[in-house]
Amino acid sequence: MTGFKSDFLRTLSERGFIHQMSDETGLDDLLRTETVTAYIGYDPTASSLHVGHLMQIMMLHWFQATGHRPISLMGGGTGMVGDPSFKEEARKLMTVEMIEDNIASIKRSFANYIDYDKGPLGGGLMINNAEWLRPLNYLEFLRDVGRHFSVNRMLSFDSVKTRLDREQSLSFLEFNYMILQAYDFVELARRYDCRLQMGGSDQWGNIINGIDLGHRMDTPQLYALTSPLLTTASGAKMGKTASGAVWLDADLLSVYDFWQYWRNTEDADVERFLKLFTTLPLDEVARLSALGGSEINEAKKVLATEVTAILHGRKAAEDAAETARRAFEEGALAQGLPTVNVPAGELEAGLGLLAAFVTAGLCASNGEARRQVKGGGLRVNDVVVQDEKRVLGTADLVEDGVIKLSLGKKKHVLLKTA
RNA sequence: GGAGGAGUGCCCGAGUGGUUAAAGGGGACGGACUGUAAAUCCGUUGGCUUUGCCUACGUUGGUUCGAAUCCAACCUCCUCCA
């Protein structure tokens, strides 16, 4: 099915990672004959990456697994500018400390996918583009790099064209963003002999800019590879839920919730996700994807456990699976559900039901909790709540000393006294 | 610098003095049906100490018994001209 000779491209192609490439044969030959270095850039705007980044992370993972050296490039320099594409939001300028903290915390997640200590060429690298971007001198930069960019050509890029067609403002800052990213590629080529940049399909134009700049600044031939924009079968963006992004960091999203996210995959997405987000062999993927009807639930459990195992470890993933099995299939009170502590005194004094659900993080406000009661969406210890004025007390504690609060059928929190 | 246009709830978008917490749609959440899926149907969708009160239609003032709606200034964005 694929004509690629290199392990890396064959794997990516078989598993559905490839959207667009520059010079397929050239890159294929390079990967087959040399140990190559490639990078993907990430902006450290939060202390954790989320599921939307996962496909790119998996590409780096496969890159290393097939005998090459991946670089995860943190946008410590570009992060100082702030991403202009969300211009509605009050753009907090991030301090250097925040950026460094975020990078450190992101690295913990990355370390589950990429080995930074061992591997071809001494293992993967995590590099911060602040290294070379922060010391830049504006005039020198314009003369050395800026002169290679033609505004005419930049205006012809799709990413820009749609903006102009929609009559939305395109700030000068955004032009600089493209240029900085192009410059990153050249710097990485010079410093680390990095030859390939990967990214989402929206990054194509930026990556191509880097390749062009490389030509003009005499780097070796550079290459681009982009992945398709990932949406669920019903068209939603990946990684968004009611409670926000599906974070990779266990501090921001419990292992159990992460597992649940994958467990709730739509039928039509199962095969695709197994290929993209697990390392299961393709014949196993084919077997699981062939399951029909309700049997496909088995495939979803495997998907959830495998994806979770890579990130949080096999043991934690299996615990999450077991917690889910008990909670859903036996209706039992399962340990391992997310737990929220309340002071013992508060419960003895009587804790208002609405407040309890807000404290547990299941409802955003008392008003929302009230509405959910009307809609029959709240349960205490698996009993549907009828009365919004109900007060929880120590009598509601079940054998393990917890109260189980549920919103809908899937979201459960254990309330524990502390 | 000049002329015109626009800023509404999570998003899009109606509304041009009085049952307007603001039509409609999307999204989201809950319920029903299922398989912890999709599709479909129903409900909900500012906050609170909820027969009531408070906060909301770019910002700040003003007119009025009463304003998202009228007036003024300011801010932001867009279009055309220079």
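The notes below deal with the structure included here. (Residues numbered from 1 in each chain as written. Chains lettered and ligands numbered in written order. Predicted model: local features only at pLDDT ≥ 70, side-chain atom pairs only at ≥ 80, totals over all residues. Heavy atoms only, no water.)

### A few points about the sheet that holds strand 2 (residues 37-42)
The following threshold applies: Two strands form a pair only when DSSP identifies at least two bridges running between them. Each helix is a run of DSSP H or I of at least 4 residues and each strand a run of E of at least 2, with the numbering of both proceeding from the N terminus.
Taken in spatial order, the six strands line up as 1-6-5-2-3-4 in an open sheet, and their pairing is mixed. Only two strands of the sheet have a single neighbouring strand rather than two, namely strand 1 (20-21) and strand 4 (125-128). Pairing geometry for strand 2 and strand 3 (residues 69-74), over six bridges, is parallel. Its bridge partner lying in strand 3, Y42 is registered against M74.

### Notes on the protein's contact with RNA strand B
Quick note on the threshold: Throughout, the term near means that a residue has one or more heavy atoms lying within 4 Å of the molecule or strand in question. Whenever two N or O atoms come within 3.5 Å, that pair is a polar contact, provided that in protein one can donate a hydrogen and the other can accept it, and provided that, for residues adjacent in sequence, both atoms are side-chain atoms. In the scheme used here, Gly and all other residues not listed as nonpolar or charged are polar, with Ala, Val, Leu, Ile, Met, Phe, Trp, Tyr, Cys and Pro taken as nonpolar and Asp, Glu, Lys and Arg as charged.
With respect to spatial proximity, 31 residues lie near RNA strand B, and among them N264, D267, R370, R371 and K409 are the closest. Near the protein, within 4 Å, the atoms of RNA strand B are sugar or phosphate in 68% of cases. Here G375 contributes a backbone N or O atom positioned 3.2 Å from a sugar or linking oxygen of RNA strand B. In the model, a phosphate oxygen of RNA strand B is placed 2.4 Å from a nitrogen or oxygen of the K409 side chain. Those elements giving two or more residues to the surface near RNA strand B turn out to be helix 12 (255-263), helix 15 (296-312), helix 16 (314-330) and helix 19 (366-374). The residue makeup of the surface near RNA strand B, split by class, is six nonpolar, 15 polar and 10 charged.

### Thoughts on the packing of helix 13 (residues 270-277) against helix 15
Quick note on the threshold: Fitting a line to C-alpha atoms yields each axis, with helices limited to the stretch in contact; the angle taken between N-to-C directions then spans 0 to 180 degrees. Every angle not falling under 35 degrees, over 145, or within 65 to 115 is termed oblique; those three ranges are roughly parallel, roughly antiparallel and roughly perpendicular. By convention the crossing between two helices is left-handed if the near helix lies anticlockwise of the far one by an angle smaller than a right angle, and right-handed if it lies clockwise. In what follows, residue pairs with any heavy atoms lying within 4.5 Å of each other are defined as contacts.
Axis separation between helix 13 and helix 15 bottoms out at 10 Å; the angle between their running directions is 20 degrees. With respect to helix 15, the axis of helix 13 lies roughly parallel. When the axes of helix 13 and helix 15 are compared, the crossing they make is left-handed. Here helix 13 contributes V270, F273, L274 and F277 to the contact with helix 15, which in turn contributes I296, A299, K300, L303, V307 and I310. When its residues are assigned to classes, the contact of helix 13 with helix 15 shows nine nonpolar, no polar and one charged.

### Looking at the nonpolar core
Threshold: By nonpolar core we mean a set of buried residues, namely Ala, Val, Leu, Ile, Met, Phe, Trp, Tyr and Cys, connected to one another through side-chain atoms within 4.5 Å. Accessibility here uses a 1.4 Å probe with only protein chains present; expressed as a share of the type maximum, an area under 20% marks a residue as buried, one over 50% as exposed, and anything in between as partly exposed.
Core analysis: the largest hydrophobic core is formed by 66 residues, its most contacted members being F8, F110, L225, W262 and F277. With eight residues, helix 3 (residues 54-65) is the single largest residue contributor to this core. The next biggest cluster of nonpolar side chains, apart from the first, holds 29 residues, and it includes Y39, I71, F157 and I207.

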